[in-house]
Amino acid sequence: MDLSLETRALDGFRVVEVAGEIDVYTAPRLREALADLIEGGHHRVIVDVEQVDFLDSTGLGVLVGGLKRVRAHDGSLDVVCTRERLLKIFEITGLTKVFGIYATVDDAVRSHQA
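In this report, the structure presented in the accompanying data block is examined.

Rules of the game
- Note that residues are indexed from 1 along each chain, following the sequence as it is written.
- Local features are withheld for residues below a pLDDT of 70 in this predicted model, meaning they are given only at 70 or higher, and side-chain atom pairs are given and counted only at 80 or more; totals for whole chains, interfaces and linings count all residues.
- The basis for the side-chain values is all heavy atoms of the structure; hydrogens and waters are excluded.
- The cut-offs for exposure are 20% and 50% of the maximum accessible area for each residue type, with area from a 1.4 Å probe on protein chains only; residues under the lower value are buried, those over the upper are exposed, and the others partly exposed.
- The secondary structure listing takes helices from DSSP runs of H or I that are at least 4 residues long and strands from runs of E that are at least 2 residues long, numbered from the N terminus.
- Directions pointing from the helix axis toward each C-beta atom define the arc.
- The contact rule is simple, with two residues in contact once any of their heavy atoms fall within 4.5 Å.
- Among the buried residues, those of types Ala, Val, Leu, Ile, Met, Phe, Trp, Tyr and Cys that are joined through side-chain atoms within 4.5 Å form a nonpolar core.

## Let's talk about helix H3 (residues 84-92)
Every α-helix carries 3.6 residues per turn, so stepping three or four residues along brings you back to the same face.
(1) Moving on: Taken as a whole, H3 has its buried residues at Leu86, Leu87 and Phe90. With its buried residues spanning 100° around the axis, H3 presents them on a single face. Those residues of H3 that are exposed and aimed more than 90 degrees away from the buried face are Glu84, Arg85, Lys88, Glu91 and Ile92.
(2) Moving on: Each element contacted by the buried residues of H3 is listed here: strand E3 (44-55), helix H2 (57-71), strand E4 (76-80) and strand E5 (100-102).
(3) Moving on: Count one or two residues on from H3 and you reach glycine 94, which has phi positive near 80°.

## Side note on unusual backbone geometry
(1) Moving on: Despite not being glycine, aspartate 11 shows a phi value in the positive range, around 50°.
(2) Moving on: Tracing the sequence through the fold places aspartate 11 in the loop between strand E1 (3-10) and strand E2 (13-22).
(3) Moving on: A positive phi is found at aspartate 74, a non-glycine position, where the angle reads about 55°.
(4) Moving on: The residue aspartate 74 is located in the loop between H2 and E4 in this model.

## Some thoughts on helix H4 (residues 105-113)
(1) Moving on: Residues Val105, Ala108 and Val109 constitute the buried set of H4. Taken end-on, H4 shows its buried residues confined to a sector of 95°, consistent with a single buried face.
(2) Moving on: Looking at the buried positions of H4, the neighbouring elements they touch are E1, E2, E3, E4 and E5.

## Focus: the nonpolar core
(1) Moving on: By size, the foremost hydrophobic cluster in this structure holds 27 residues, and its most contacted members are Ile22, Leu30 and Leu77.
(2) Moving on: In this structure leucine 30 touches Leu3, Leu5, Val16, Val18, Ile22, Val62 and Leu63, once residues within four positions along its chain are discounted.
(3) Moving on: The next biggest cluster of nonpolar side chains, apart from the first, holds seven residues, and it includes Phe13, Val80, Val105 and Val109.

This is the structure we're talking about:
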């Protein structure tokens with residue numbers, strides 16, 4: 001399966017909606033999209049993985065790399081995910097302690113406005 005990426009602006013954030021599979025073959029596209037956003041001065045990023053069917057360690061590495069890049073600019077990278085299979089991967093790897101993980105994009109935005 002392929003990977004599709006859609007980026008939009010919302011209340012000062014850039015939301016990256018991802019669909020398909022994030023694996024060793026497709027992760028470079030996500031890495032490039034995140035790098036382009038961050039290099040373009042967008043340091044508040046939300047990655048929506050609600051339509052992602054598969055996520056491997058390469059994909060997790062891309063998300064962690066993006067988080068490191070935005071944090072270097074005092075930014076944030078949050079993840080929107082309610083899919084049990086993906087949440088389990090974040091829990092097993094301990095990344096639930098690293099990322100803000102939210103049920104909706106609006107929840108992620110609200111968490112920074114409080």
